[in-house]
Amino acid sequence: MPIDAKEIFQMVIENQNKLKSCSRHDFSIDITADRALGKRYRCSNCGGEVDSIEKYWYEKGLEHSSMS
Ligand SMILES: [Zn+2]
């Protein structure tokens, strides 16, 4: 059974709400362990999901903010 667009849209909104409510993400859960490309990670605090590019920039941001 195909997932309809409305359902996907709802999932995206829910994911964004989870990510927004989180004070400190920890994207240490690899939910695509069987894949080398198109990887996704889950935050162990809020349960929100991001792709590898979002994870990279979030972690870069943390790194830089802790330098000052
Ligand atoms: Zn989080």
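The structure contained in this document is the topic of the report that follows.

Scoring rules and cut-offs
Counting restarts for each chain: residues are numbered from 1 in the order of the written sequence. Reporting of local features is limited, given that this is a predicted model, to residues whose pLDDT is at least 70; pairs of side-chain atoms are given and counted only at 80 or more, and all residues count toward the totals for whole chains, interfaces and linings. Helix and strand definitions here come from DSSP, where helices need a minimum of 4 consecutive H or I residues and strands a minimum of 2 consecutive E residues; each element is numbered from the N-terminal end. If DSSP finds at least two bridges between two strands, the strands pair. Any residue surrounded by 20 or more other C-beta atoms within 10 Å of its C-beta is treated as buried, while 12 or fewer makes it exposed and the intermediate range makes it partly exposed; C-beta atoms here are placed from the backbone. Contacts here follow a simple rule: the backbone-placed C-beta atoms of the two residues must lie within 7 Å. Helix span is expected to be 1.5 Å times the residue number reduced by one.

1. Describing the environment of L62
Examined against the element boundaries, L62 turns out to sit in helix α2 (residues 52–65). For the pair L62 and F27, spaced 35 residues apart in the sequence, the C-alpha separation amounts to 12 Å.

2. Focus: the sheet that holds strand β2 (residues 40–42)
Strand order in the open sheet formed by 3 strands is β1-β2-β3, with antiparallel pairing between adjacent strands. The open sheet is flanked by β1 (29–30) and β3 (49–51), the only strands paired with a single partner. As judged from the 2 bridges shared by β1 and β2, these two strands associate in the antiparallel manner. Within β2, the residue paired with D30 across the bridge is Y41.

3. Things to note about the environment of N15
Take N15: it is sitting in helix α1 (residues 5–20). Overall, the presence of 16 C-beta atoms within 10 Å leaves N15 in the partly exposed class. Separated by 37 residues in the primary sequence, N15 and S52 place their C-alpha atoms 15 Å from one another. With residues up to four places along the chain from it excluded, the contact list for N15 reads G48 and E49.

4. Structural notes on α2
Two residues of an α-helix separated by three or four positions point the same way, owing to the 3.6 residues in each turn. Between its terminal C-alpha atoms α2 stretches 20 Å, which fits the 20 Å expected from 14 residues at 1.5 Å a residue. When you tally the buried positions in α2, you get 0 out of 14 residues, a small fraction of the element.

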